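Descriptive structure summary
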Amino acid sequence: MRLTKLEHAALIVEHSGERLIIDPGKFTTPITDAAGTVAVVITHLHDDHWTPDQLARIAADSPDVRRFGPAGVVRAAAEAGIDVEEVAAGDEVEVGPFRLRFFGGRHAQIHSSIPVIDNLGVLVNESLYYAGDSFAVPEGVTVDVLAAPAGAPWMKIAEAMDYVMEVAPRRAFPTHEMLLSRAGKDLSNARLGWATEQGGGTYLPLEPGDTVDF
């Protein structure tokens, strides 16, 4: 499999000539080449993780694409005339060459004044794990590649470091970083790199467009 990091929270996973796209949101450059996409996973409702326009562009290239997300995403997408299949923590889906398992269930708290929405982490082919906007740990799983949050209103870097150490992936790379300056990205890379190394793993400071095979 090959993973390509896009801007912010978006990822493309390629396997056996087919593609899976995760969280194509508003901070991600418009996706104009989505041929061969069999599935899109949307971890939660916020528009930095999905937009109707991004989903429409993907569907234009791959009309049979299936879309998966929690209940809040299903409702919001329906209002835009887009079908999304509802999934919940504990569910498993096989689509094309991808096996998807879902974890967690709730978005990390931003502030006590802001309602907490649903959010799902996704494990791809028992190897790649991305928790969306949460620190949900995939219990009982040895994670090969972890998408580690680098910066967000719902986290501080100490929490992300503890999360990486708890998951103890073989490899980790930064995601959710478009709100950070270059100096902020460098700082989070240093801290997340240290946390990854504590479990014997390797940290990959990927930038948008970079790839990794796993």
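Please refer to the structure higher up on the page.
Since this is a predicted model, take the numbers as computed values, not measurements. (Residues numbered from 1 in each chain as written. Predicted model: local features only at pLDDT ≥ 70, side-chain atom pairs only at ≥ 80, totals over all residues. Heavy atoms only, no water.)

1. A word on helix α2 (residues 71-79)
All buried positions along α2 are accounted for by Ala71, Gly72, Val73, Val74, Ala76 and Ala77. Residues of α2 that are buried sit in contact with β5 (66-69), β6 (85-86) and β9 (118-124). Immediately downstream of α2, the backbone of glycine 81 shows phi near 80°, a positive value. (Buried < 20%, exposed > 50% of the residue type's maximum accessible area, 1.4 Å probe, protein only. Helix = DSSP H or I, 4+ residues; strand = E, 2+ residues; numbered from the N terminus. Contact = heavy atoms within 4.5 Å.)

2. Quick word on a nonpolar patch on the surface
Judged by side-chain polarity, Phe27, Met178 and Leu179 come together as a nonpolar surface patch covering roughly 250 Å² of accessible area. Locating phenylalanine 27 in the fold gives a position in the loop between β3 (18-22) and β4 (37-41). (Patch = residues over 30% accessible without salt bridge, like charges linked within 9 Å, V, L, I, M, F, W, Y side chains within 5 Å. Areas by Shrake-Rupley, 256 points an atom, 1.4 Å probe, with all protein chains shown as cover. Salt bridge = Lys/Arg side-chain N within 4 Å of Asp/Glu carboxyl O.)

3. Let's talk about the sheet that holds β3
The strand order β6-β5-β4-β3-β2-β1-β14 describes an open sheet built from seven strands, whose pairing is mixed. Single-partner strands in this sheet number two, and they are β6 and β14 (211-213). Along the sheet, helix α1 (residues 52-61) makes contact with β3, β4 and β5, crossing β4 at roughly 165°. (Pairing = 2+ DSSP bridges. Axes fitted to C-alpha atoms, helices over the stretch in contact; angles between N-to-C directions.)

4. Examining the packing of aromatic side chains
Each aromatic ring pair is specified by the distance between its two centres and by the angle formed by the two planes. What the rule picks out here adds up to three aromatic pairs. Considering the side-chain rings of phenylalanine 103 and tyrosine 129, the 5.8 Å spacing of their centres and the 90° angle between planes classify their relative orientation as edge-to-face. Here tyrosine 129 lies in strand β10 (residues 128-130) and phenylalanine 103 lies in strand β8 (residues 98-106), a separation of 26 residues in the sequence. Across the pair, exposure class does not vary: phenylalanine 103 and tyrosine 129 are buried alike. Through a chain of ring-to-ring contacts, three or more aromatic side chains come together here, namely Phe135, Trp154 and Tyr163. (Phe/Tyr/Trp six-rings, centres within 6.5 Å; stacked < 30°, edge-to-face > 60°.)

5. Some details on the packing of helix α3 (residues 157-167) against helix α4 (residues 182-198)
α4 packs onto α3 with a crossing angle of 25° between their chain directions and a minimal axis gap of 8 Å. Classified by the interaxial angle, the pair formed by α3 and α4 is roughly parallel. Of the two possible hands of crossing, α3 and α4 adopt the one that is right-handed. Of the residues in α4, those in contact with Ile157, Ala160, Met161, Val164 and Met165 of α3 are Ser188, Arg191, Leu192, Trp194, Ala195, Thr196 and Gln198. Residues that form the contact of α3 with α4 fall into these classes: eight nonpolar, three polar and one charged. (Parallel < 35°, antiparallel > 145°, perpendicular 65-115°, else oblique. Left-handed = near helix turned anticlockwise from the far one by under 90°. Nonpolar A, V, L, I, M, F, W, Y, C, P; charged D, E, K, R; others polar.)

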